[in-house]
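Analysis of the macromolecular model
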Amino acid sequence: MRRTILWLPLGLFLLFVAVVIFQLRHGSDTTIRSQMIGKAMPEFALQPIVPGHAGLSLADLKSGQPHLVNVFASWCLPCRVEAPQLMALKQRGIPIEGIAVRDRTEDLTPFLAQAGDPFDRIGSDPQSRVQFDLGSSGVPESYVIDGKGVIRLQHIGDIRPEDVDDIARAWEAAK
Amino acid sequence: MIAEAGLGALWLAAALSLLQLFFGFAALKPPAEELGRSVRPIAIAQAAMVVIAFLCLIQLFLRTDLSVKLVAENSHSLKPWLYKFAGAWGNHEGSMLLWVTVLAVAGAAVALFERRLPERTLIATLAAQATIGLGFYIFLLFASNPFDRLEPPPVEGNGLNPLLQDPGLAFHPPTLYFGYVGISIAFSFAVGALLTRDVGPAFARAMRPWVLGAWIFLTTGITAGSYWAYYELGWGGWWFWDPVENASLMPWLAATALLHSVTVLATRDGLRAWTVMLAVVAFSMSMIGTFLVRSGILTSVHAFAVDPRRGFFILILLALYIGGALTLYGLRVGTVKEGSTFEPVSREGALVVNNLLLSVVLGLVLIGTLYPLVTEAMGDKVSVGPPYFNSVAGPIALLLVVIMVAGPLLRWRRDRLKALGQRLALPVLLAALALLALVLFAPGMHILPLLGLALSLGVGAGSLAPLWKRNLRRTPLFIYGMVIAHLGIAVSLAGMACDSAFTQEKLVAARPGETVSVGPYDVKFLGVEPIAGPNWTAIQATLSASRGGGTPFTLTPQARMFSAPPTETSETSIATRLDGQLYTVIGKPGDDGRWQLRLWWKPFVTLIWLGGAMIAFGGVLSLIGRVLRGRRARREEEEAYA
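What counts, and where the lines are drawn
Residues numbered from 1 in each chain as written. Chains lettered and ligands numbered in written order. Predicted model: local features only at pLDDT ≥ 70, side-chain atom pairs only at ≥ 80, totals over all residues. Helix = DSSP H or I, 4+ residues; strand = E, 2+ residues; numbered from the N terminus. Rg over C-alpha atoms; globule rule 2.2 N^0.38 Å. Buried ≥ 20, exposed ≤ 12 C-beta atoms within 10 Å, placed from the backbone. Contact = placed C-beta atoms within 7 Å. Nonpolar A, V, L, I, M, F, W, Y, C, P; charged D, E, K, R; others polar. Pairing = 2+ DSSP bridges. Axes fitted to C-alpha atoms, helices over the stretch in contact; angles between N-to-C directions. Parallel < 35°, antiparallel > 145°, perpendicular 65-115°, else oblique. Left-handed = near helix turned anticlockwise from the far one by under 90°.

**Focus on the overall build of chain A**
Secondary structure summary: chain A contains six helices and seven strands in total. The N-to-C order of helical and strand elements in chain A reads α-β-β-α-β-α-β-α-β-α-β-β-α. A globule of 175 residues ought to have a C-alpha radius of gyration of about 16 Å, yet chain A, at 22 Å, is considerably larger. In terms of overall dimensions, chain A has C-alpha extents of about 85 × 30 × 30 Å along its principal axes. The buried share of chain A, reckoned over its 175 residues, is 34%. Pairs at least 24 apart in sequence give 76% of the contacts found in chain A among residues at least 6 apart.

As structure tokens, this is what we get:
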């Protein structure tokens, strides 16, 4: 018994070293996981804002096919930056719907003309109500919604070229 | 050229430490005993080399030689010279070089002055010391070379983190390092004694001055660091239970326990295995402290010194040294004979309780500090803050303080409880009266500050009690040291209790011309003006404070903007009075011409650091007393032989 106790400090110390090595190897994970994943998209129906694009409601998304929903605004600079990536995703056959936050028709029309228009439908969210329900804290954010209206992916911030594959994969997986 | 000379000296020092290690351990076995004779000179030469390397680095910083990477990354030609000088160790590489320099100098001091220990144990000690040094030399030379050149050299340096541009920086880290290194010497003594199976009073007496010295530096470092955080960060607090603060507190707790157990070993030849264990634990805590600061594995305000790769290297060193020492402990300590025994009610008994309580506090702080690490490994994020530490460590600390009063009033070996009761009657009475008065006149105090304040009075009286009925002129210096240190604990405790019970805080948005009152003061906000310093600009508020219509005085808190690197800091302005401090901070401007002002009235808060200084001063007196007595004993011994 007494003999064993003498080795206890060493045992405790080795445990400490093991935990610390584990931590150093894995690095500290600073990613904050989205709380919205796996949740059903809330009920909503947004009015159209630009000619040529219908408004957006939950029923449009529950079409049996997954969609990419992009929360954006014409006044948002990163949204302009991510436009080419959205076009690339569109070319891969992914249907993209837009939610324009606190935007105006006269601003949005030239924005789409300049940056490109990958959207099928664009709903106007003048009070950020739907944005808020989606758990989105800023623009741009993008969601992969499966055919039953369940959120599969939340991408916070602009879509960088290196994110395109990940999002396309998430869309494939949501089929 | 200076950089190359420094690097060369560092390589030589590393080679000498390898030699010291090899000769030292070889000399333990009979055929190679001759080698032992060279160990002392090698230790001295090694120290000389690393001192040269360190002086080279300081010279590079003073000249702002930007072709040296470390200087370019951390210094700036416009910095005041004190920060150029202190900047030499205000970064990872420089601080590691300082560490190993102090280590080598301490090793040389052991080699030069230690004469009481049996020669074999001393050589084993120096060999252990060289092992520690060698690890850090390798670390410096291969993973953090302070003398690396930069090609081409930049036009201007990066500057030093403005939070560190403060006279406090010049002294806070070195002080803690001196403490850590002193503990490493105690550790080497313990390893040496285990290797030669020579754990006894002679070993304890040789180790004690180092433990005492380390403890003095740690006490000073923690006290100074606490005051630095208090006035520099502008948050009004003096202890935040930050992981790095804990990293300095834990070795202090272990060193405090060791200091007391080593006394038992030196005086009564008891607690042999336990003392060796504590020496290992104290060193582990200081290494873990260094590791936590350097690796960035825990999130902390000290995060300016973070690099995971280096953390890994320090971890390997840590595993080798501590793991090795604990293995040696497991193998050898069984062969260390039990020392002499004692009754539960005795000075030794009280010191054992003191040790156990200190260990419990140490354990709780360690658990609290590492808990986030463990839960994160399991995939859950938590942070452990002041509520945990205050509520678990606070009550035990109070109990510890009670034992601290009782201990010195007990006789060695055995005593009677009744006699102790008589000696303690006055302090207990004082504490009870204080408790009663506080409950009556300051109702609604929280339990910990209430007990703390009442106890501090009793403890203050009780810590003076060992001088009672003594011939004060013939009382040895180390008794005075103990009394002052224990009194310092009482003073510090009173300051902490007052601060947490009676502090008043005001956070207001004020227009120039408005008056805010906090505590006994009326503070008039006169206005703000921009001012410029050597490498910063600031918005400075002018406040005029007066107490009960007395003569007003001016306070000028600033919000500083540093240019290199661009950072904002807040400079507090503090008025110190006998009964407390008025602490002022200026914050952000509002849109409407109002400014955020943060004012505190902190009664008797200065007692916290005054107490800390007394504790350290008591340590210094003890150290002088012990060294003098040791000298006298040796002289008498020599005369007896002659």
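**Structural notes on the overall build of chain B**
Across its full length, chain B holds 17 helices and ten strands. Here the C-alpha atoms of chain B give a radius of gyration of 26 Å, agreeing with the 26 Å that 2.2 N^0.38 yields for 642 residues. If you line up chain B on its principal axes, its C-alpha atoms span 85 × 75 × 55 Å. Across the 642 residues that make up chain B, the buried fraction comes to 50%. Pairs at least 24 residues apart make up 75% of the contacts formed inside chain B by residues separated by at least 6 positions.

**Regarding the interface of chain B and chain A**
Each partner contributes to the interface: chain B provides 20 residues, whereas chain A provides 15 residues. Every element with two or more residues in the side of chain B that touches chain A is listed here: helix 10 (272-295), helix 11 (308-332) and helix 12 (347-377) of chain B. For the side of chain B that touches chain A, the class distribution of residues is 13 nonpolar, six polar and one charged.

**Considerations on the environment of Gly 311 of chain B**
Along the chain, Gly 311 of chain B falls in helix 11. Here the alpha-carbon distance between Gly 311 of chain B and Leu 526 of chain B, two residues 215 residues apart in the chain, equals 49 Å.

**A short note on the sheet that holds strand 8 (residues 573-577) of chain B**
Residue and element names in this part refer to chain B. Strand order in the open sheet formed by four strands is 1-10-9-8, and the pairing between neighbours is antiparallel. The open sheet has two edge strands, strand 1 (504-510) and strand 8, and neither has a second partner. Neighbour-to-neighbour, the strand axes of this sheet turn through a mean angle of 15 degrees, independent of strand direction. Note that strand 9 (residues 580-589) and strand 10 (residues 595-603) share eight bridges and pair antiparallel. The residue bridging Gln 581 from the neighbouring strand is Lys 602, located in strand 10.

**Description of unusual backbone geometry**
Residue and element names in this part refer to chain A. Between Val 139 and Pro 140 the backbone carries a cis peptide bond, its omega angle lying at -5 degrees. Structurally, Pro 140 can be placed in the loop between helix 5 (129-133) and strand 6 (141-145). Positioned with a positive phi, Ser 128 is a non-glycine residue whose angle comes to about 60 degrees. Tracing the sequence through the fold places Ser 128 in the loop between strand 5 (119-125) and helix 5.

**Thoughts on the sheet that holds strand 5 of chain A**
All names here are of chain A. Read across the sheet, seven strands follow the order 2-1-5-4-3-6-7 without closing on themselves; strand pairing throughout is mixed. In this open sheet, the two edge strands, each paired with only one partner strand, are strand 2 (56-57) and strand 7 (151-156). Pairing of strand 1 (residues 45-48) with strand 5 involves two bridges; the strand directions are antiparallel. Opposite Pro 48, over in strand 5, you have Gly 123 as the bridge partner.

**So, the environment of Gly 116 of chain A**
Residue and element names in this part refer to chain A. You can see Gly 116 is positioned in the loop between helix 4 (105-115) and strand 5. Under the C-beta neighbour-count criterion, Gly 116 is labelled partly exposed, with 14 such atoms within 10 Å. Expressed as a C-alpha distance, the spacing of Gly 116 and Met 87, which sit 29 residues apart in the sequence, is 7.3 Å.

**A look at the pairing of strand 6 (residues 558-562) of chain B**
All names here are of chain B. Sheet analysis places strand 4 (residues 536-547) next to strand 6, joined by five bridges and oriented antiparallel. Within the sheet, the bridge partner assigned to Ala 538 lies in strand 6 and is Arg 560. Inspection of the sheet shows strand 6 paired to strand 7 (residues 567-571) by five bridges, in the antiparallel sense. From the neighbouring strand, Phe 562 faces strand 7, where its bridge partner is Thr 567.

**Re the environment of Arg 347 of chain B**
All names here are of chain B. Its location among the elements puts Arg 347 in helix 12. Note: C-alpha distance between Arg 347 and Ala 532 (185 residues apart in sequence) is 60 Å. Once residues within four sequence positions are removed from consideration, Arg 347 is found in contact with Gly 407, Leu 410, Arg 411 and Trp 412.

**Considering the pairing of strand 3 (residues 67-72) of chain A**
Residue and element names in this part refer to chain A. Strand 3 sits mainly inside the fold: six of its six residues count as buried. Here strand 3 shows no split at all, with His 67, Val 69 and Val 71 on one side and Leu 68, Asn 70 and Phe 72 on the other all buried. Strand direction decides the pairing type here: strand 3 and strand 6, joined by five bridges, are antiparallel. Across the sheet, the residue bridging to Leu 68 is Val 144, located in strand 6. Sheet analysis places strand 3 next to strand 4 (residues 96-101), joined by five bridges and oriented parallel.

**Section: the packing of helix 8 (residues 201-233) of chain B against helix 9 (residues 243-268) of chain B**
Residues and elements named next belong to chain B. Between helix 8 and helix 9, whose axes approach to 9 Å, the crossing angle comes to 150 degrees. Classified by the interaxial angle, the pair formed by helix 8 and helix 9 is roughly antiparallel. The hand of the helix 8/helix 9 crossing is left-handed. When grouped by side-chain class, the residues that make up the contact of helix 8 with helix 9 number 18 nonpolar, five polar and two charged.

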